[in-house]
Amino acid sequence: MQHLTTIGFDADDTLWQNEQFFRLTEKRFVEMLGAYADESDILRGLLEAERRNLAAYGFGIKGFTLSMIETAVEVTKGRVPASTIADILDAGREMLRHPVVTLPHARETLEQLAGGYRLVLITKGDLFDQERKLAQSGLGEFFDAVEIVSDKRAETYARIFAQHGEGPEKSMMVGNSLKSDVLPAIEAGSWGVHVPHKLTWVLDHAEAPRDAPRFRQVSDLGALSAMLATLR
């Protein structure tokens, strides 16, 4: 292979926990609206609202909160109490205040790779929230660059790896989402490494590209360094 010089890392559910807080808030949301609809109907309505609103609100907690409000209005046919809207807003603010919980092997892996490669954090979502989580994680010192983007496509990775590395062909993207982290990075010409997380947002589901020469999967971040050694 061409000499690998740059490694991009996803943040949410790759370096620190994220989806579990959305699931907990979803459960709280269902309880708020339990008098109006069944759990399955509420969650289906919320997912439909999130899908509709991605283009307008983007990824992250603020868009999720607005989608919950929209769903509450729809489920109650416009009769949602103001107190319930206030509770939804409180739930969103609580998510934005939640302490960052780093995943196993995140720090030690970044320590091992820093200096040997250019490390770039590539994450999508709300700018303020991602900056907050990076600062609280204590992992920022390991990265040569940080890119907070509205979405992750092949052209996103091509641009970032050209700007912060020596092009996508000499770069690798590591993340938990096949749809956002792996497939578009491979399409751009990079390596794509999947690090599965037990919770993955349904809109991030995709099939693994098993026949792609530049696709790899590791059980956790602790296995990344050993996998890199096999590529030499």
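Whatever comes next refers back to the structure up there.
Owing to the predicted nature of the structure, the values given are computational and were not obtained by experimental measurement.

Participant: Explain the sheet that holds strand 1 (residues 6-9) residue by residue, including any values.
Facilitator: If you trace the six strands from one edge of the open sheet to the other, you get 3-2-1-4-5-6, paired in parallel fashion. The open sheet is flanked by strand 3 (145-149) and strand 6 (215-217), the only strands paired with a single partner. Across this sheet, the average inter-strand angle for adjacent strands is 20°, counted without regard to direction. Sitting on the sheet, helix 7 (residues 154-164) is in contact with strand 1, strand 2 (118-124), strand 3 and strand 4 (171-175), with an inclination near 160° to strand 3.

Participant: Requested: an account of the nonpolar core, with residues and values cited.
Facilitator: One finds I7, F9, L15, M172, V174 and L228 to be the most contacted residues of the largest nonpolar core, which totals 28 residues. Put simply, the parts of the chain that give this core at least two residues each are strand 1, helix 5 (106-113), strand 2, strand 4, strand 5 (191-194) and helix 9 (224-230). For M172, the residues in contact, after removing those within four places along its chain, are L4, T6, I7, G8, F161, W191, V193, M227, L228 and L231. By size, the runner-up hydrophobic cluster in this structure holds 18 residues, among which are F29, V30, L33 and I61.

Participant: Tell me about the packing of aromatic side chains, and name the residues and values.
Facilitator: By the definition in use, this model includes four aromatic pairs. Residues F9 and F143 carry aromatic rings whose centres are separated by 6.3 Å and whose planes lie at 70° to one another, so their mutual orientation is edge-to-face. Of this pair, F9 sits in strand 1 while F143 sits in the loop between helix 6 (127-137) and strand 3, placing them 134 residues apart in sequence. Accessibility assignment for this pair places F9 and F143 in one class, buried.

Participant: Could you give an account of the pairing of strand 2, with specific residues and numbers?
Facilitator: Counting buried positions along strand 2 yields six of seven residues, so the element is predominantly enclosed. Note that strand 1 and strand 2 share four bridges and pair parallel. The residue of strand 2 that forms the bridge with I7 is L119. Both strand 2 and strand 3 contribute to a ladder of five bridges, which runs parallel.

Participant: I'd like to hear about the packing of helix 2 (residues 39-57) against helix 3 (residues 61-75), residue by residue, with values.
Facilitator: One can describe the packing of helix 2 onto helix 3 by two numbers: an axis separation of 8 Å at closest approach and a directional angle of 130°. On the basis of the axis angle, helix 2 is oblique to helix 3. Judged by the twist between their axes, the crossing of helix 2 over helix 3 is right-handed. Residue-level inspection shows I42, G45, L46, A49, E50, R52, N53 and Y57 of helix 2 in contact with helix 3, the latter providing G63, F64, L66, S67, M68, E70, T71 and E74. Residue composition of the contact of helix 2 with helix 3, by class: seven nonpolar, five polar and four charged.

Participant: Residues and numbers for helix 8 (residues 178-188), please.
Facilitator: What helix 8 keeps buried is the set L178, S180, D181, V182, P184, A185 and A188. On the buried face of helix 8, the contacting elements are strand 2, helix 7, strand 4, strand 5 and strand 6. Measuring from the side-chain oxygen of the N-cap residue of helix 8 to the backbone nitrogen of K179 gives 3.4 Å; that N-cap residue is S177. Within two residues after helix 8, G189 carries a phi angle of roughly 110°, on the positive side.

Participant: Provide a residue-level description of the packing of helix 7 against helix 8, including the pertinent values.
Facilitator: Contact geometry for helix 7 and helix 8: axes closest at 7 Å, N-to-C directions at 70°. Relative to helix 8, the element helix 7 lies roughly perpendicular. The two elements helix 7 and helix 8 cross, and the hand of that crossing is right-handed. Residues A154, Y157 and A158 of helix 7 touch helix 8, and the partners they reach there are S180, D181, P184, A185, E187 and A188. Residue composition of the contact of helix 7 with helix 8, grouped by class: six nonpolar, one polar and two charged.

Participant: Talk me through unusual backbone geometry; I want residue IDs and the actual numbers.
Facilitator: You will see that D13, though not glycine, has its phi angle at about 65°, which is positive. Relative to the assigned elements, D13 resides in the loop between strand 1 and helix 1 (19-32). By relative accessible area, which is 7% here, D13 ends up buried. Phi is positive for K77, close to 55°, though the residue is something other than glycine. Tracing the chain through its elements places K77 in the loop between helix 3 and helix 4 (82-97).

Participant: Kindly report on the pairing of strand 5, identifying the contributing residues and their values.
Facilitator: In the case of a regular strand, side chains alternate between the two sheet surfaces. The two faces of strand 5 match: W191 and V193 on one face and G192 and H194 on the other face are all buried. Pairing between strand 4 and strand 5: four bridges, direction parallel. Bridged to M172 within strand 5 is W191. With helix 8 bridging strand 4 and the parallel strand 5, this β-α-β connection has right-handed handedness. Relative to strand 6, strand 5 runs parallel, the two being bridged by three bridges. Its bridge partner lying in strand 6, V193 is registered against R216.

What counts and what doesn't
- Residues numbered from 1 in each chain as written.
- Predicted model: local features only at pLDDT ≥ 70, side-chain atom pairs only at ≥ 80, totals over all residues.
- Heavy atoms only, no water.
- Pairing = 2+ DSSP bridges.
- Helix = DSSP H or I, 4+ residues; strand = E, 2+ residues; numbered from the N terminus.
- Axes fitted to C-alpha atoms, helices over the stretch in contact; angles between N-to-C directions.
- Contact = heavy atoms within 4.5 Å.
- Core = buried A, V, L, I, M, F, W, Y, C linked by side-chain atoms within 4.5 Å.
- Buried < 20%, exposed > 50% of the residue type's maximum accessible area, 1.4 Å probe, protein only.
- Phe/Tyr/Trp six-rings, centres within 6.5 Å; stacked < 30°, edge-to-face > 60°.
- Parallel < 35°, antiparallel > 145°, perpendicular 65-115°, else oblique.
- Left-handed = near helix turned anticlockwise from the far one by under 90°.
- Nonpolar A, V, L, I, M, F, W, Y, C, P; charged D, E, K, R; others polar.
- Polar contact = N/O pair within 3.5 Å; in protein donor to acceptor, adjacent residues only side chain to side chain.
- Right-handed = clockwise from strand over helix to strand, strands pointing away.

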